[in-house]
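Observations on the three-dimensional arrangement
These are the residues of each chain, in order.
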Amino acid sequence: MRTNFPHIRLRWHRVGSATAVTAALVLAGFGTAVHADATTSAKVTWAATPCATPKKTGELACNSLRVTGGTTAFQKARGITPKAADAATPSGYGPSDLQSAYGLTAAAAANGSGETIAIVDAYNDPNAEADLAKYRSYYGLPACTSASGCFKKVSQTGSTTSLPSSDAGWSEEISLDLDMVSAIAPNAKILLVEASSSSMANLGKAVNEAVTLGAKFVSNSYGGSESSSDTSYDSSYFNHPGVAITVSAGDEGYGAEYPAASKYVTSVGGTALSKSSTTRGWTETVWNTSSTEGTGSGCSSYDAKPSWQTDTGCTKRMIADVSAVADPATGVSVYDSYGVTAGWYTFGGTSASSPIIAAVYALAGTPGSSDYPAQYPYQHTSSLNDVTSGNNGSCSTSYFCTATSGYDGPTGWGTPKGVSAFTG
C-alpha cells in the first residue's frame, strides 16, 4: 500500500485567484476576472474537511473543502448578505442552479427512475439518511428513504447493521456526495457504501460491493499519490464494464492522482461556475486558487492510455475526461449535522464534481453491458460546454495544465450540456 500524505491542507484559504472575483465581476458586467485581494469584501474563506488529511500511512484523502466565511457566487447573484458560514440558510448553489447550468432541468425531472447511483466513502455517517432528508425536503425533491427502498446504506461487505466506526470528517464528505446526486438525479435510488477505512484496499472493496449490489453508477470522491501498484488496483477494483465509475481528479492543483488515473474510470476535473449574460446563462473557468490548490490534472506515470483517449502529448492515461463545478467560492449547498452545527454549508472541491457527473450518467441511462462509459464523452464532444480559460499550475506541456479549445487536462472535454455526451 502506498504512503500518502498530501500537502497539509488544514489551513484557512483566502481567494487569491480569478475564481471568486470572476463571479463578482461577471455578475456586475465587468468582464474578465482579476486576482482577488484578501482585504476586499469579496473574499471567501474555506478550509479542507478533516478527511482531506489522511490519518495513517496508506490512506487516501477526500477531495472536499468547506466554506467558512465571505460571500459566495450564489449569494452575490441573489443579493444575499448573510455570511456563508451562517449555517441557518443555504449559501451555495442548489439543484435548480446546477440543473440550469448543465442543461439538465428537463432530464432531471423525467429521467433516473429505476437507476441506482452508489456513493463510495470511508467510515460511517450516522446521520446520512436524516441529513439527506433535510436537503431534499428543503429543495422540494422527492423523499428518498430506506423505508421506501430509495436509500440504502451498507458496509463494504454489504451489511446494513455492522457498519464502520463513525467519522465527522468523512460524514461531511458523505453529505456532499449524497446531496449532489440528489440535486442532479432526484428520481434515482441512492446506495451509500461505507468502507471500513480510507485505504485503497477497503475503498476498492466498497466499489466492488456497490457493483455487486447492482449500481451502474459509482462515484468516488477521494484520491492519493500514484504508485506502481495502481495497475493491480485497476484490475482488482475498477475494471467493471457496463458501470460508469467517476473519480475526483484531486484538489491540489496540477498533478496526477489515483484512482482518477485508472483507465477504467471517468476522471472528473473542477471548474469555477458563475452566472453570466451569455446565451447559456453561465460561464466556467478552470478552478485554481493557488499553486497547491485547484483541480487536479496530469499525465499518469503508470496507467496505460485507454484506446479512446487520443491526445498526443501524454503516452499514458491523461487526467481529466470531463469536469463540473468545484471551486468553493462558487460552491454548492449541503446539509450536514454530524460533528458540526446542524445546518447548511457550502462545499467545493472535486468531491462535488464527481457525484454530479455520476448522476448525469444516470440521467443518460444504463451503459452498454460491455462498455467503459468513460469513452462516451469522447464520442460526443460537441455535447459538452468547452471550458477554454484558466489553468491549475505550471507544466511543460501546455494543455496538461491550461484550458484550451477542445481537450485539456484540467477540464477534459468540458462540462455537461444535457445528457447526450454521457450515453453510448
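Because the structure is a prediction, the values reported are computed rather than measured. (Residues numbered from 1 in each chain as written. Predicted model: local features only at pLDDT ≥ 70, side-chain atom pairs only at ≥ 80, totals over all residues. Heavy atoms only, no water.)

Here the focus is the overall build of the protein chain. A tally of helices and strands in the protein chain yields 11 helices and 21 strands. Counting the 424 residues in the protein chain, one finds 62% classified as buried. Considering only intrachain contacts with a sequence separation of at least 6, the fraction spanning at least 24 residues in the protein chain is 76%. In the form shown here, the protein chain has an accessible surface area of approximately 13800 Å², with 51% of it arising from carbon and sulfur atoms. (Helix = DSSP H or I, 4+ residues; strand = E, 2+ residues; numbered from the N terminus. Buried < 20%, exposed > 50% of the residue type's maximum accessible area, 1.4 Å probe, protein only. Contact = heavy atoms within 4.5 Å. Areas by Shrake-Rupley, 256 points an atom, 1.4 Å probe, with all protein chains shown as cover.)

Before going further, it helps to spend a moment on the pattern of salt bridges. Taken as a whole and assessed by the stated rule, the structure comprises six salt bridges. When the shortest N-O distance is used, the salt bridge between Lys-55 and Asp-167 registers 2.5 Å. Placement of Lys-55 in the loop between β2 (44–48) and β3 (61–62) and of Asp-167 in the loop between β6 (151–155) and α6 (168–184) is noted, with a sequence separation of 112 residues between them. Overall, the relative accessible area of 10% leaves Asp-167 in the buried class. Asp-311 is the partner of Lys-305 in a salt bridge, and the nearest nitrogen-oxygen pair spans 2.8 Å. (Salt bridge = Lys/Arg side-chain N within 4 Å of Asp/Glu carboxyl O.)

A separate point is unusual backbone geometry. Between Tyr-258 and the following residue, Pro-259, the backbone shows a cis peptide bond with an omega angle of 15 degrees. Note on placement: Pro-259 falls in the loop between β10 (244–248) and β11 (266–275). Omega for the bond connecting Ile-319 with Ala-320 falls within 30 degrees of zero, at 15 degrees, which places this linkage in the cis form. Of note, the phi angle at Tyr-123 is positive, near 65 degrees, even though the residue is not glycine. Among the structural elements, Tyr-123 can be located in the loop between β5 (116–122) and α5 (128–138).

Turning next to the packing of aromatic side chains. Under the defined criterion, the tally for this structure stands at 19 aromatic pairs. Taken together, a centroid distance of 5.7 Å and an interplanar angle of 85 degrees make the contact between Tyr-139 and Trp-344 edge-to-face. In this pair, Tyr-139 sits in the loop between α5 and β6 while Trp-344 sits in strand β19 (residues 343–348), placing the two residues 205 residues apart along the sequence. You can call Trp-344 buried: its relative accessible area is 7%. Centre to centre, the rings of Tyr-378 and Trp-413 are 6.3 Å apart; their planes meet at 85 degrees, and the pair counts as edge-to-face. Here Tyr-378, found in helix α10 (residues 376–379), pairs with Trp-413, found in the loop between α11 (398–401) and β21 (415–416); they are 35 residues apart in sequence, far enough to count as distant. Residue Tyr-378 is classed as buried on the basis of its relative accessible area of 14%. On the basis of relative accessible area, Trp-413 is assigned to the partly exposed category, the value being 21%. Among the aromatic residues, ring-to-ring pairing joins Tyr-135, Tyr-138, Tyr-139, Tyr-335 and Trp-344 into one connected group. One residue, Lys-55, lies across the ring of Tyr-123, its end atom 4.8 Å from the ring centre. (Phe/Tyr/Trp six-rings, centres within 6.5 Å; stacked < 30°, edge-to-face > 60°. Lys NZ or Arg CZ within 6 Å of the ring centre and 35° of its normal.)

Within the fold, Ala-88 resides in the loop between α2 (73–78) and α3 (95–101). Judged by its relative accessible area of 57%, Ala-88 falls in the exposed class. For Ala-88 and Ala-342, which are 254 residues apart along the polypeptide, the C-alpha to C-alpha distance reads 8.6 Å.

We now examine the pairing of strand β7 (residues 189–195). Across a regular strand the side chains alternate sides, sitting on one face of the sheet and then on the other. In terms of burial, β7 is largely enclosed, as six of its seven residues are buried. Summarising the sheet, β5 and β7 pair through seven bridges and their orientation is parallel. Across the sheet, the residue bridging to Ile-117 is Ile-190, located in β7. One ladder, built from five bridges, connects β6 with β7; its direction is parallel. Each residue of the ladder has a partner; that of Ser-155, found in β7, is Glu-194. (Pairing = 2+ DSSP bridges.)

With that settled, consider the packing of α6 against helix α9 (residues 350–364). Direction vectors running N to C along α6 and α9 enclose 35 degrees, while the axes themselves pass 8 Å from each other. Viewed along their axes, α6 and α9 form a crossing whose handedness is right-handed. Two secondary-structure elements touch here, α6 through Glu-173, Leu-176, Asp-177, Met-180, Val-181 and Ile-184 and α9 through Ser-351, Ala-352, Pro-355, Ile-356, Ala-359, Val-360 and Leu-363. Taken together, the residues that form the contact of α6 with α9 break down as 10 nonpolar, one polar and two charged. (Axes fitted to C-alpha atoms, helices over the stretch in contact; angles between N-to-C directions. Left-handed = near helix turned anticlockwise from the far one by under 90°. Nonpolar A, V, L, I, M, F, W, Y, C, P; charged D, E, K, R; others polar.)

A separate point is the confidence of the model for the protein chain. When pLDDT is averaged along the protein chain, the result is 90; 89% of the residues meet or exceed 70. Low pLDDT, under 50, characterises residues 1–41; the stretch is placed with 111 contacts to residues that sit more than four places away or in other chains. (pLDDT = per-residue confidence, 0-100.)

As a further point, take α5. Residues spaced three or four apart along an α-helix point in a common direction, a consequence of the helix completing one turn every 3.6 residues. Residues of α5 that are buried include every one of Ala-128, Asp-131, Leu-132, Tyr-135 and Arg-136, and no others. Taken around the axis of α5, the buried residues stretch over an arc of 130 degrees, which confines them to a single face. Elements in contact with the buried residues of α5: α3, β6, α6, β7, β18 (332–336) and β19. Of the residues trailing α5, Gly-140 is marked for its positive phi of about 70 degrees. (Arc of directions from axis to C-beta.)

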